[in-house]
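Now for the letters of each chain:
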Amino acid sequence: MSAQAYLKGKEIENPVEVHHHVAPVSLYVIILMALFGLTGLTYAVSFANLGPLSLPVAMAVAALKASLVVAFFMHLKDDDRYNLFVFLGTLIFIGIFFGFTLFDMQARDALNDEQRTFVRAEDERNAGNSPAVGISNDPARLAAWEAKHGSHDEGAEGEHAEGAEGEHAEGDKAEGEH
Amino acid sequence: MSEQPASYDLENPSEPNFYKAQKGLKSWLFTVDHKRLGVMYLASVILFFFVAGFLAIALRTELLTPAQDFVSASTYNQLFTLHGAIMTFLFIIPATPGALGNFLLPLMLGAKDVAFPRLNLLSFWIYSAAAVMLLCTLVLGGLDTGWTFYTPYSTSTGTAAGLAALGVFVAGFSSILTGLNFVVTVHRMRAPGQTWDRMPLFVWAIYATAVIQILATPVLAITVLLVFIERFLGIGIFDPAMGGDPVLFQHFFWFYSHPAVYIMILPGFGIISEILTVHSRKHVFGYKAIALSSVAIAIISFLVWGHHLFVSGQSELVGVIFSFLTFAVAVPTAIKVFSWVATLYGGSIVYNTPMWYGLMFLWTFTIGGVTGLYLSTISVDVHLHDTYFVVAHFHYVMMGGLVIAFIGGVFHWWPKITGRFYHEASGKLGALLVFIGFNVTFGTQFFLGHQGMPRRYFAYLPEYTTMHQISTVGSYILASGLLIAGFSLAMAFRKSAPKAGSNPWGAVSLEWKTSSPPIEHNFHDTPHVTGSPYDFPEIDKSGRTH
Amino acid sequence: MSDSTHAAHTDGEHNPYVAHHFDNMGQQAGAAKLGMWLFLATELLMFSGLFLAYFICRMWYPDMVLGAHEYLSKTAGGINTCVLLFSSWTMAMAVRSAQVGKPGSKEDAAKIKKYLLLTLLCAGVFLVVKYFEYSAKFEHGMLPGKFYTAHLHGYEIEGLPHIFFGIYFIMTGLHGVHVLVGMGIMIWIYLRASRGEFSHQNYAGVENTGLYWHLVDLVWIFLFPLLYLVK
């Protein structure tokens, strides 16, 4: 049951051979030093004020570090081509996932801002319309909000915000099934 | 086509078959034999199919009259949620890969087992654990979110949505491990000469399915985990009250769940390719087209999830892009359907039970596929969204596609699995009733949806009464057909049932080159593949029917 | 079983570590490694969901994220990054020692064990640092979601910082779980190495543990700048 595989008469995989690719220790040490160096670089760059460039630069350095790990520590450079294909294929699908979702989130934001079709908690809070997060943990702010809007949860008994973990108002509904 | 040393007698093998090779309950619970695991999966998925089917009958019965009759509104919500969740996560997704895939994949490749037999066992146990968790929701407050777990309702409902989310999380792992195992098996375990272009089309379909399982399911895992965390910590990613966005949940969820419907349907395509070819005794038309279209569908399936969000507040631009990409799915799917029809053309067709299901599939799946194009058109979808039209489309694809293919596949490979024949006459009667019942049940729902009947309602306006009643009667016919099909299969367990022999259909692929039921290590001698699995020696009807 | 059409690799002939359903070690190790890579693919996709949540949170609330991330300790994160990178190196060395190890050689087994132990130690240090970071956050009420109470401790962060800390705890928490699982696997591999199982004839176990461990490192390589550093 030797699983030799051919496509149009050509060998496409070689499962019979044991992959003995042993890299020299010096290479591993060089890679480690490079990784440390790049870490120092991101760390240093984070104190410089790069503005909007900050994210791309940090991601580029991280990607470089990651490729060093993948290529040398994980041996993908000399490994079976299919393993590389699996890895790169995964990145492509992550790209699809990120691409569409981020694109929609961005495109939708523009539309929502224009038409006010979708309102998030923060906007509501800024407009003073909801006891959104943070406030519900803070007795003073919650009391102020309730004074303005009437009690949010009639059924809940009093306010024991001190000492309690602080789940009130919005939290009560979700906590119900504990 | 393959060569076997002639010396070994397949009909009277010297080794015991895999049922008899080991004895006792423990030998089943801790087995690493892919065939035993396949049989255990088969038993489990059939059990869950009947549980969820029973819930469906309860739903249809409630809908006999416009008013509320038997169940309360909240019970109705729980019934359709559990029907959906059990059917999806415990039946359709594991059915073909878990049961038929496990049993057949190594046989078709000429391997002794899957690449990781212990992982396979683990996968079955994880599946069982997930099943227990999902069923536990029944007694621990029920589940009324729909199988889709849409936020913010799922993060705030008082029912056991947290446990159900964990159950789905766990079920996902089982699915991932099965997919991983199959991909490695296909890559590394093929018999000598079993090249990529000599693999049976069922293997291609299972392979494409496994790729989706690996790529999509992890995102489901993290999505339901985030729902779980959102429920208990309120982190504000999905819950708008905490600053999150429910549409983001829908993106996360459908990134998995749209490819997941191809996890469900692709194995069905594989089964149909086998059934139609073998029982028309003709080389499959367009082997490469069918094989590669499976892979194409697997890839395109990741590019279309936004068509579930057309009316959810997704941006219009993204909607248009997703709509366009959704149409693209029709291309590889149509390639398949045309190739199947061309396979039948000029073949010497045997109208036995598997073939009846195969032909039925061509009818129901095509309707399901074409109505999908209606729904992928944004302007039409705005009207049809969340109506019975969607319900009907979904069931034509899932039930008319996968379930019918699955039943056909079970009939087709039943002689291999049990070593005996099912009962032909009752098999055909069951198939006929399934066909009539299915079309009456779900065909009417297209009209209902078109007239504006919303889905997931326990009561409705009186003008929909006639249609709903027709649909309910259809569901009873469908249920009786399924029971008769079960009876026909069970008849193989009689002592007097005719023995099948190693190759009752005169098929060429490797699973028929071993005894029925197979011996413990599948093949006495390692098979050497020398040709296509569809090179039928000659057109010869004699001895093919029984 | 009949003769295979292809001559098996010499390693495969009498290798006691080859399971019955494989022909030879090459096929077995290749299958195991491919399986591991596919598993890593699923891990990457799972983490990608969290990274996407992070990016979207950043997109929605850029000022809040910048305000909140100042409260994470860059030093602790930096130390942990170096620890993990070093552990990746020791792990790679453990794999290398197995690749060149002679079967039955006590010295070679000791070398594998030494590097595994070093890796385990690094993993431990990582978790200890994480523990101190977490307890500082707990003390200041910088907790995820509705348990967030930092404003009661006098920290006024603009916007909805409970989301940032929610994402912070989920991402680092899930990563921490992976570190713990990795430690468990390494202990198991260490015990197997003690029995002298690993040599150039059979090193798939060490190699796949290594792949998993490098993935843990890989995720951290992105987590560190995103959560701790980026402005």
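Residues numbered from 1 in each chain as written. Chains lettered and ligands numbered in written order. Predicted model: local features only at pLDDT ≥ 70, side-chain atom pairs only at ≥ 80, totals over all residues. Heavy atoms only, no water.

Digging into the overall build of chain A
Link 1 in the chain: Within chain A, the secondary structure is distributed over six helices and two strands.
Link 2 in the chain: Of the regular secondary structure in chain A, the N- to C-terminal order runs β-β-α-α-α-α-α-α.
Link 3 in the chain: Classification of the 178 residues of chain A by burial places 43% in the buried group.
Link 4 in the chain: In chain A, the share of contacts with a sequence separation of at least 24, taken over all contacts with a separation of at least 6, comes to 29%. (Helix = DSSP H or I, 4+ residues; strand = E, 2+ residues; numbered from the N terminus. Buried < 20%, exposed > 50% of the residue type's maximum accessible area, 1.4 Å probe, protein only. Contact = heavy atoms within 4.5 Å.)

As for the overall build of chain B
Link 1 in the chain: The helix and strand tally for chain B stands at 15 helices and two strands.
Link 2 in the chain: Among the 546 residues that make up chain B, the fraction classed as buried is 66%.
Link 3 in the chain: For chain B, long-range pairs separated by at least 24 residues make up 82% of all intrachain contacts whose partners lie at least 6 apart in sequence.

Concerning the nonpolar core
Link 1 in the chain: Core analysis: the biggest nonpolar cluster contains 297 residues, and Phe89 and Phe406 of chain B have the highest contact counts within it.
Link 2 in the chain: Considering every element that reaches this core, the biggest residue donor is helix 2 (residues 25-60) of chain C, with 23 residues.
Link 3 in the chain: When near neighbours in sequence (up to four residues on either side) are disregarded, phenylalanine 406 of chain B contacts Leu42, Val45, Phe91, Ala95, Thr96, Ala99, Leu100 and Ile271 of chain B. (Core = buried A, V, L, I, M, F, W, Y, C linked by side-chain atoms within 4.5 Å.)

Topic: the side chain of arginine 231 of chain B
Residues and elements named next belong to chain B.
Link 1 in the chain: Within the secondary structure, arginine 231 sits in helix 7 (residues 201-233).
Link 2 in the chain: Looking at arginine 231, the relative accessible area reads 1%, which means it is buried.
Link 3 in the chain: Only 3.0 Å separates the side chain of arginine 231 from the backbone oxygen of threonine 159, close enough to count as a polar contact. (Polar contact = N/O pair within 3.5 Å; in protein donor to acceptor, adjacent residues only side chain to side chain.)

Notes on the layout of surface pockets
Gaps left between atoms are located by rolling a probe of water-molecule size over the structure's atoms.
Link 1 in the chain: Roughly 1,600 Å³ of internal volume is contained in the second largest pocket.
Link 2 in the chain: Around the second largest pocket, the lining is made up of 46 residues, and of these Phe116 and Leu119 of chain B together with Met36, Trp188 and Asn208 of chain C lie nearest the centre.
Link 3 in the chain: In terms of residue count, helix 2 of chain C provides more of the lining of the second largest pocket than any other element does, 10 residues in total.
Link 4 in the chain: Its residues placed into classes, the lining of the second largest pocket shows 32 nonpolar, 10 polar and four charged. (1 Å grid on protein atoms, 1.4 Å probe; cavity = no way out; pocket = protein on both sides within 12 Å on 5 of 7 lines; lining within 4 Å. Points joined across faces, edges and corners; volume = space filled by probe spheres on them. Nonpolar A, V, L, I, M, F, W, Y, C, P; charged D, E, K, R; others polar.)

Here we look at the packing of aromatic side chains
Link 1 in the chain: All told, the structure shown has 73 aromatic pairs over all chains when counted by the stated rule.
Link 2 in the chain: Measuring from centroid to centroid gives 4.9 Å for phenylalanine 411 of chain B and tyrosine 422 of chain B, while their planes differ by 90°, and the two rings are edge-to-face. Of the two residues, phenylalanine 411 of chain B is situated in helix 13 (residues 388-418) and tyrosine 422 of chain B in the loop between helix 13 and helix 14 (424-451); the sequence distance between them amounts to 11 residues.
Link 3 in the chain: The buried category is assigned to phenylalanine 411 of chain B, whose relative accessible area is 0%.
Link 4 in the chain: A cation over a ring is seen here: lysine 114 of chain C above tyrosine 115 of chain C, with NZ or CZ 4.8 Å from the ring centre. (Phe/Tyr/Trp six-rings, centres within 6.5 Å; stacked < 30°, edge-to-face > 60°. Lys NZ or Arg CZ within 6 Å of the ring centre and 35° of its normal.)

Digging into a nonpolar patch on the surface
All names here are of chain B.
Link 1 in the chain: A surface patch of nonpolar side chains, amounting to about 550 Å² of accessible area, comprises Leu47, Val51, Leu135, Leu138, Val139 and Leu140.
Link 2 in the chain: Where the nonpolar patch is concerned, the elements lending two or more residues are helix 2 (34-62) and helix 4 (117-139).
Link 3 in the chain: With three residues, the top contributor of residues to the nonpolar patch is helix 4.
Link 4 in the chain: Position of leucine 140 relative to the elements: it lies in the loop between helix 4 and helix 5 (153-156).
Link 5 in the chain: Take leucine 140: its relative accessible area is 52%, and that puts it in the exposed class. (Patch = residues over 30% accessible without salt bridge, like charges linked within 9 Å, V, L, I, M, F, W, Y side chains within 5 Å. Areas by Shrake-Rupley, 256 points an atom, 1.4 Å probe, with all protein chains shown as cover. Salt bridge = Lys/Arg side-chain N within 4 Å of Asp/Glu carboxyl O.)

A short note on empty space enclosed by the protein
All names here are of chain B.
Link 1 in the chain: Applying the stated rule across the entire model yields seven cavities of 30 Å³ or more.
Link 2 in the chain: In this model, the second largest cavity occupies a volume close to 130 Å³.
Link 3 in the chain: Contributions of two or more residues to the lining of the second largest cavity are made by helix 3 (73-109), helix 6 (161-188) and helix 7.
Link 4 in the chain: Residue classes in the lining of the second largest cavity are distributed as nine nonpolar, six polar and no charged.

A look at the interface of chain C and chain B
Link 1 in the chain: Of the residues lining the interface, 36 residues belong to chain C; the matching set on chain B comes to 38 residues.
Link 2 in the chain: Summing the contributions of chain C and of chain B, the shared interface buries around 3,200 Å²; its carbon and sulfur component is 75%.
Link 3 in the chain: Our count for the chain C to chain B interface comes out at zero salt bridges.
Link 4 in the chain: Where chain C packs against chain B, one counts seven residue pairs in polar contact (both at pLDDT 80 or more).
Link 5 in the chain: Elements with a contribution of two residues or more to the side of chain C that touches chain B: helix 2 and helix 6 (161-194) of chain C.
Link 6 in the chain: A per-element tally of the side of chain C that touches chain B places helix 2 of chain C first, with 17 residues. (Buried area = accessible area lost by both parts, 1.4 Å probe.)

Some thoughts on the confidence of the model for chain A
For any part of a model where pLDDT is low, the fine detail of the predicted coordinates should not be relied upon.
Residue and element names in this part refer to chain A.
Link 1 in the chain: Here chain A shows a mean pLDDT of 70. Residues at 70 or above account for 50%.
Link 2 in the chain: Taken as a whole, residues 1-18 scores under 50 in pLDDT and shows 59 contacts with residues more than four places along the chain or in a different chain.
Link 3 in the chain: Contacts for the low-pLDDT stretch residues 152-178, under 50 throughout, to residues beyond four places or in other chains number 42 contacts. (pLDDT = per-residue confidence, 0-100.)

With respect to the pattern of salt bridges
Link 1 in the chain: Applying the stated criterion to the full structure yields nine salt bridges over all chains.
Link 2 in the chain: Where lysine 77 of chain A meets aspartate 78 of chain A, a salt bridge forms, and the shortest distance between an N and an O atom there is 3.5 Å.
Link 3 in the chain: One salt bridge in this structure joins arginine 188 of chain B and aspartate 80 of chain A, with 2.9 Å as the shortest N-O distance. Taken together, the residues span two chains, with arginine 188 of chain B in helix 6 and aspartate 80 of chain A in the loop between helix 2 (54-73) and helix 3 (81-115). Of the two residues, arginine 188 of chain B and aspartate 80 of chain A, both sit in the buried class.
Link 4 in the chain: One network of salt bridges, in which partners are shared, links Asp79 of chain A together with Lys33 and Glu207 of chain C.

A look at the confidence of the model for chain B
Link 1 in the chain: Predicted confidence across chain B gives a mean pLDDT of 92, with 97% of residues reaching 70 or more.
Link 2 in the chain: The element-level mean pLDDT for chain B is lowest in strand 1 (residues 2-3) of chain B, coming to 54, with helix 15 (residues 465-490) of chain B highest at 97.

A few points about the packing of helix 8 (residues 246-280) of chain B against helix 9 (residues 287-300) of chain B
Residue and element names in this part refer to chain B.
Link 1 in the chain: With their axes 11 Å apart at the nearest point, helix 8 and helix 9 run at an angle of 175° to one another. As summarised for this structure, helix 8 and helix 9 are arranged roughly antiparallel, according to the angle between their axes. For the pair formed by helix 8 and helix 9, the contact residues are Tyr262, Leu266, Phe269 and Ser273 on the first element and Ile290, Ser294, Ile297 and Ala298 on the second.
Link 2 in the chain: Grouping the amino acids of the contact of helix 8 with helix 9 by side-chain chemistry returns six nonpolar, two polar and no charged. (Axes fitted to C-alpha atoms, helices over the stretch in contact; angles between N-to-C directions. Parallel < 35°, antiparallel > 145°, perpendicular 65-115°, else oblique.)

Some points on unusual backbone geometry
Residue and element names in this part refer to chain B.
Link 1 in the chain: For the peptide bond that leads from threonine 151 to proline 152, omega is 0°, which places it in the cis range.
Link 2 in the chain: Along the chain, proline 152 falls in the loop between helix 4 and helix 5.
Link 3 in the chain: The residue after serine 516, namely proline 517, is reached through a cis peptide bond having omega -10°.
Link 4 in the chain: Within the element layout of this structure, proline 517 appears in the loop between helix 15 and strand 2 (528-529).

Description of the packing of helix 1 (residues 25-45) of chain A against helix 2 of chain A
All names here are of chain A.
Link 1 in the chain: Two elements in contact, helix 1 and helix 2, have axes separated by 10 Å at closest approach and are oriented at 170°. Classified by the angle between their axes, helix 1 and helix 2 sit roughly antiparallel to one another. Viewed along their axes, helix 1 and helix 2 form a crossing whose handedness is left-handed. Contacts from Leu27, Tyr28, Ile31, Leu32, Ala34, Leu35, Leu38, Thr39, Leu41, Thr42 and Val45 of helix 1 reach helix 2 at Val57, Ala58, Val61, Leu64, Lys65, Leu68, Val69, Phe72 and Phe73.
Link 2 in the chain: Counted by class, the contact of helix 1 with helix 2 contains 17 nonpolar, two polar and one charged residues. (Left-handed = near helix turned anticlockwise from the far one by under 90°.)

Some words on helix 8 of chain B
Residue and element names in this part refer to chain B.
Link 1 in the chain: Across its 35 residues, helix 8 extends 50 Å between first and last C-alpha, which sits within 8% of the 51 Å expected from 1.5 Å per residue.
Link 2 in the chain: Of all bends in helix 8, the biggest is about 35°, found at tryptophan 254.
Link 3 in the chain: Taken across its 35 residues, helix 8 has 35 buried, putting it largely inside the fold.
Link 4 in the chain: If you check the start of helix 8, you find a side-chain oxygen 2.8 Å away from the backbone N of valine 247, and it comes from aspartate 245.
Link 5 in the chain: Where helix 8 ends, the next residue or the one after it, arginine 281, has phi of about 50°, a positive value. (Expected span 1.5 Å × (residues − 1). Bend = angle between axes of the 7 residues up to and from the residue.)

Quick look at the environment of glycine 179 of chain B
Residues and elements named next belong to chain B.
Link 1 in the chain: Of note, glycine 179 is situated in helix 6.
Link 2 in the chain: Exposure remark for glycine 179: the relative accessible area of 0% places this residue in the buried category.
Link 3 in the chain: With 30 residues separating them along the chain, glycine 179 and threonine 209 place their C-alpha atoms 7.4 Å apart.
Link 4 in the chain: Residues within four places of glycine 179 in sequence aside, it is in contact with Ala210, Gln213 and Ile214.

Things to note about the environment of phenylalanine 126 of chain C
Residue and element names in this part refer to chain C.
Link 1 in the chain: For phenylalanine 126, the position within the fold is in helix 5 (residues 106-139).
Link 2 in the chain: Overall, phenylalanine 126 belongs to the buried group, its relative accessible area being 0%.
Link 3 in the chain: As for phenylalanine 126 and glycine 77, which are separated by 49 residues in sequence, their C-alpha atoms are 9.5 Å apart.
Link 4 in the chain: Those residues in contact with phenylalanine 126 that lie beyond four places of it in its chain are Asn80, Val83, Leu84, His175, Val179 and Trp220.

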